[in-house]
Amino acid sequence: MTPSVLARARDRLALRRGALHERRLQEDFQRKVGRPELDRWFTERHGGVVLHGPFAGLRYPPQAAPRVHHLVAKLLGSYEAEIADVVAAQIERRPPVFVDVGAADGYYAVGIARASPSTEVHAYEIDPVARRVLRATARENGAEVKVHGPANSRRLAEHRLDRAFVLSDCEGAELDVLAAEAVPALATATLLVELHPRGGGAGGAAEEGGAAEGDTGPPLRERFAATHEAREIQPGPRDPAAHPELADAPPELREHAVEEFRFGRTSWLLLEPR
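The structure displayed is predicted, hence computed values, not measured ones.

**Focus on the environment of V121**
By the secondary structure assignment, V121 is in strand 2 (residues 120–124). Once the C-alpha coordinates of V121 and P95 are considered, the two residues, 26 residues apart in sequence, prove to be 9.8 Å apart.

Listed below in structure tokens is the structure:
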């Protein structure tokens, strides 16, 4: 095995360990604030079907629901509400291909496969537990989703990306995935990228010397400047009172119902082809 192959294997192992560690942190935190109890309360009353938003009608299988992070927010349709209009617009234009990098439980991958059956959907997810949930969710909805492990620029460039829609939420690895041969392949694709601190996430691009500085937005803007217009989308507030389905929830649980528990402020970068 060559040194470069060994290095890539070590990187993949580190990413997997990072993903599993992140899942444990999220699950521990959500247990502390009573989210499992809230999830049970909500699904007993309203079921496991998304009620509002671009993915209304998407169904989570009962056996998979306990493994879905932010379940209530997703079922309410409030999850990542700041990008809902962008996603709805992409569904309306029926992209030939949708690639979801960091697909988690399949909220976007299965949601778009269900809403736009003519779109070829590829979902990349490093966490094997999340991949199992994703596959179960796709089966529950009769949706066709091609599920893959970790993404990289070479794998991304292998897809037919002309006029594609690419969603990236890979905890800082976006500078590695949206790089090299993927950049020219994405010239006519629409990209929606959750930004992360530089050097902060698993697989993120650390600054020289290991210091984190800024987020991944500026290098991505520069990388796609010749082919794309860029617009940053800031996160918005969440108000449980805006959702009548939560009106009779226990107050100590309702407070956290639509919170997404993000560690640090994250924004999105929309890159649209010129």
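**A few points about the pattern of salt bridges**
All chains considered together, the criterion is met by 10 salt bridges. Its salt-bridge partner being E158, residue R154 comes within 3.0 Å of it at the nearest N-O pair. Classification of E158 by relative accessible area gives exposed; the value is 56%. With a shortest N-O distance of 3.1 Å, R238 and E260 are connected by a salt bridge. Placement of R238 in the loop between strand 6 (228–233) and helix 11 (251–254) and of E260 in the loop between helix 11 and strand 7 (268–273) is noted, with a sequence separation of 22 residues between them. E260 carries the same exposure label as R238, and that label is buried.

**Points about the side chain of D39**
Along the chain, D39 falls in helix 2 (residues 35–46). The buried category is assigned to D39, whose relative accessible area is 11%. Those residues in contact with D39, other than ones at most four positions away along the chain, are L71 and V72.

**Section: the packing of aromatic side chains**
Inspection of the entire model under this criterion finds six aromatic pairs. Their ring planes at 90 degrees and their centres at 5.1 Å tell us that F55 and Y107 sit as a pair that is edge-to-face. Separated by 52 residues along the polypeptide, F55 in the loop between helix 2 and helix 3 (71–76) and Y107 in helix 5 (residues 107–115) bring together distant segments of the chain. The pair F55 / Y107 is uniform in exposure class, with both members buried. Taking 5.1 Å as the distance between ring centres and 25 degrees as the angle between the ring planes, the aromatic pair formed by F98 and F165 counts as stacked. Of the two residues, F98 is situated in strand 1 (residues 97–101) and F165 in strand 4 (residues 165–168); the sequence distance between them amounts to 67 residues. Among the aromatic side chains, those forming a connected cluster through ring pairs are F55, Y79, Y107 and Y108.

**Topic: the pairing of strand 1**
Strand 1 sits mainly inside the fold: five of its five residues count as buried. Neither face of strand 1 is left uncovered, since the one carrying V97, V99 and V101 and the one carrying F98 and D100 both have all their residues buried. Relative to strand 2, strand 1 runs parallel, the two being bridged by five bridges. Looking at strand 2, one finds that V101 is bridged to Y124. The sheet contact formed by strand 1 and strand 4 spans four bridges and is parallel. Within the sheet, the bridge partner assigned to F98 lies in strand 4 and is F165.

**Comments concerning the nonpolar core**
Counting residues in hydrophobic clusters, the biggest one holds 47 residues, and the most contacted among them are F55, Y107, Y108, V145, L192 and L246. For this core, the elements supplying multiple residues, two or more each, are helix 2, helix 3, helix 4 (84–93), helix 5, strand 2, helix 6 (128–140), strand 4 and strand 7. Broken down by element, the residue count for this core peaks at six residues, all from helix 5. Apart from residues no more than four positions distant in its own chain, Y108 is found in contact with F55, Y79, E80, I83, V87, F98, D100 and L167. The next biggest cluster of nonpolar side chains, apart from the first, holds 24 residues, and it includes V99, L161, L175 and V193.

**Focus on helix 2**
Here helix 2 is 12 residues long and its end C-alpha atoms lie 16 Å apart, about the 16 Å a rise of 1.5 Å per residue gives. Turning to helix 2, its buried residues number three or more, namely R35, L38, D39, W41 and F42. Each buried residue of helix 2 sits inside an arc of 165 degrees when the element is viewed along its axis, so together they form one side. One or two steps after helix 2, the chain reaches G47, where phi turns positive at roughly 80 degrees.

**A word on the sheet that holds strand 3 (residues 146–148)**
The seven strands are arranged 3-2-1-4-5-7-6 in an open sheet whose pairing can be described as mixed. The open sheet has two free edges, formed respectively by strand 3 and strand 6, since each of these has just one partner strand. Put simply, the sheet's adjacent strands are angled 15 degrees from each other on average, direction ignored. Helix 5 contacts strand 1, strand 2 and strand 4 of the sheet and is inclined by roughly 165 degrees relative to strand 1.

**Points about the confidence of the model for the protein**
Looking at the protein, pLDDT values average 86 and 81% of them are 70 or higher. In this model residues 200–212 is a low-confidence stretch, pLDDT under 50, and it forms 23 contacts with partners more than four residues away in sequence or in other chains.

Criteria and cut-off values
Residues numbered from 1 in each chain as written. Predicted model: local features only at pLDDT ≥ 70, side-chain atom pairs only at ≥ 80, totals over all residues. Heavy atoms only, no water. Helix = DSSP H or I, 4+ residues; strand = E, 2+ residues; numbered from the N terminus. Salt bridge = Lys/Arg side-chain N within 4 Å of Asp/Glu carboxyl O. Buried < 20%, exposed > 50% of the residue type's maximum accessible area, 1.4 Å probe, protein only. Contact = heavy atoms within 4.5 Å. Phe/Tyr/Trp six-rings, centres within 6.5 Å; stacked < 30°, edge-to-face > 60°. Pairing = 2+ DSSP bridges. Core = buried A, V, L, I, M, F, W, Y, C linked by side-chain atoms within 4.5 Å. Expected span 1.5 Å × (residues − 1). Arc of directions from axis to C-beta. Axes fitted to C-alpha atoms, helices over the stretch in contact; angles between N-to-C directions. pLDDT = per-residue confidence, 0-100.

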